[in-house]
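In case you want the letters, here they are:
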Amino acid sequence: MRGVTGTRPPAPEGERPAGTRRARPAYDHSSLVEVAARVFNERGYDATSMEDLSAAAGITKSSFYHHVRGKEALLRAALERALDGLFGILDEPAATAGTPLTRLRHIVRRQVEVLVGELPHVTLLLRLRGNTETERWALGRRREFDAAIASLVREASAAGELRAGLDPAVDARLLSGLVNSLVEWYRPGRVPVDELVAEVDRMAFEGLLAQGPAGDGRRA
């Protein structure tokens, strides 16, 4: 029996038919920003080229430019994601109403959640060197956020809600350092987010010492 010309047997399951091309991943602006944030963190912004970014995304450089104007535009978009998340916390009802300490604790807890949710973008923000106009803009915005936290720490101290004898300026820096240090070791899935938030809250506002005579952790 003569075979039918122009046909070929089906490819085994899991294999592409001969002569077909592997489909390239579909990207939009948001997903390319995520790729860029990851590569910037791995290689450093200054050392990253558009060729590096297009290779990481699995698309051509011309396709990359179809979505973005250039490397610094990607940097700005990634930093905006981090800053929008952080400044959004300050506008939440629980951050604007209540005692200074209540508001401060809410902000710190939400800061941890934003850091976890936008980990690559916040990491990028915290590692900036200020070498470009975009970096200097972002560092200025970060200082504004830190100033808002410092102001709230001073309010809580003036209201007698913090331990007497502490320097509010130092407290604010230590508090920011505690939260920001998470980018150096936290990885998704390592600790459940709700547990991480609760632990940071306890560490920041209750400390390590046990309370009462057994732990000799009486408050001054």
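Residues numbered from 1 in each chain as written. Predicted model: local features only at pLDDT ≥ 70, side-chain atom pairs only at ≥ 80, totals over all residues. Heavy atoms only, no water.

An unreviewed UniProt entry lists the protein chain under the name TetR/AcrR family transcriptional regulator, with Actinomycetospora straminea as the source organism.

Participant: It is not clear to me how the overall build of the protein chain should be interpreted in this structure. Could you clarify?
Facilitator: Along the protein chain, the regular secondary structure elements total eleven helices and zero strands. Reading the protein chain from its N terminus to its C terminus gives the helix and strand order α-α-α-α-α-α-α-α-α-α-α. Within the protein chain, the proportion of its 220 residues that are buried is 37%. For the protein chain, the accessible area works out to roughly 13300 Å², and carbon and sulfur atoms hold 52% of it. (Helix = DSSP H or I, 4+ residues; strand = E, 2+ residues; numbered from the N terminus. Buried < 20%, exposed > 50% of the residue type's maximum accessible area, 1.4 Å probe, protein only. Areas by Shrake-Rupley, 256 points an atom, 1.4 Å probe, with all protein chains shown as cover.)

Participant: For this particular structure, what's the right way to read the nonpolar core?
Facilitator: A general tendency of soluble globular proteins is for nonpolar side chains to be buried together. Residues F40, L53, F64, L74, L104, V112 and L125 are the most contacted members of the largest nonpolar core, which totals 57 residues. For this core, the leading source of residues is helix α4 (residues 71–90), giving eleven residues. Residues lining this core come from more than one domain, with at least three contributed by each of domain 1 (29–72) and domain 2 (73–205). Among all residues touching L125, those that are not within four sequence positions of it are L79, A82, L83, L86, A138 and R142. (Core = buried A, V, L, I, M, F, W, Y, C linked by side-chain atoms within 4.5 Å. Domains from an automatic or database assignment. Contact = heavy atoms within 4.5 Å.)

Participant: What's the story with the pattern of salt bridges in this structure? I'm lost.
Facilitator: Two side chains with opposite charge may pair up if their charged atoms get near one another. Enumeration according to the criterion identifies 16 salt bridges in this entry. Among the salt bridges present, the one from E206 reaches R105, with a minimum N-O distance of 3.7 Å. One end of the pair, E206, is in the segment after α11 (193–205); the other, R105, is in helix α6 (residues 100–117), and 101 residues separate them in sequence. E184 is the salt-bridge partner of R127, the closest N and O atoms lying 3.3 Å from each other. (Salt bridge = Lys/Arg side-chain N within 4 Å of Asp/Glu carboxyl O.)

Participant: Looking at this model, I keep getting lost on the environment of A94. Mind explaining?
Facilitator: Position of A94 among the secondary structure elements: in helix α5 (residues 93–96). Distance in space between the C-alpha atoms of A94 and I107 is 8.2 Å, their sequence separation being 13 residues. Among all residues touching A94, those that are not within four sequence positions of it are R103 and H106.

Participant: Sorry if this is basic, but what is going on with the UniProt feature "DNA-binding region" (unreviewed entry) in the protein chain here?
Facilitator: Annotation from UniProt places "DNA-binding region" (unreviewed entry) at residues 49–68. Annotation note: span residues 49–68, helix share 75%, strand share 0%, distance between end C-alpha atoms 14 Å. (UniProt positions renumbered as here; feature names shortened; annotations may be inferred.)

Participant: Which parts of the structure should I look at to understand the confidence of the model for the protein chain?
Facilitator: If pLDDT is low for a region, its predicted coordinates should not be looked at in detail. With 84% of its residues at a pLDDT of 70 or more, the protein chain has an overall mean of 86. Considering only residues more than four positions removed or in separate chains, one finds that residues 1–8, a stretch of pLDDT under 50, has one contact. (pLDDT = per-residue confidence, 0-100.)

Participant: Which parts of the structure should I look at to understand α4?
Facilitator: Given 3.6 residues per helical turn, the α-helix brings residues three or four places apart onto the same face. Taking 1.5 Å per residue as the helical rise, α4 with its 20 residues ought to reach 28 Å, and the 30 Å between its terminal C-alpha atoms agrees with that figure. Where α4 is concerned, the buried positions are K71, L74, L75, A77, A78, L79, A82, L83, L86, F87, I89 and L90. (Expected span 1.5 Å × (residues − 1).)

Participant: Looking at this model, I keep getting lost on the packing of aromatic side chains. Mind explaining?
Facilitator: Aromatic rings considered in pairs are described by the distance between their centres and by the relative angle of their planes. If you walk through the whole model with that rule in mind, you get three aromatic pairs. When the ring of F40 is compared with that of Y45, the centres are 5.0 Å apart and the planes differ by 75°; the resulting orientation is edge-to-face. The class for F40 is buried, based on a relative accessible area of 2%. Summarising the aromatic geometry, the rings of W185 and Y186 are spaced 6.2 Å apart at their centres and angled 75° between planes, so their arrangement reads as edge-to-face. Judged by relative accessible area, which is 35%, W185 ranks as partly exposed. According to the relative accessible area criterion, Y186 is buried, its value standing at 2%. The side chain of R76 reaches across the aromatic face of W137, ending 3.8 Å from its centre. (Phe/Tyr/Trp six-rings, centres within 6.5 Å; stacked < 30°, edge-to-face > 60°. Lys NZ or Arg CZ within 6 Å of the ring centre and 35° of its normal.)

Participant: I tried to follow the side chain of D171 on my own but got confused; where do I start?
Facilitator: Secondary-structure assignment places D171 in helix α9 (residues 168–180). In this structure D171 is buried but unpaired, with R163 as the nearest side chain of opposite charge at 8.6 Å. With near-sequence residues (within four places) excluded, D171 lies in contact with V153 and L166. (Lys, Arg positive; Asp, Glu negative; His and termini not counted.)

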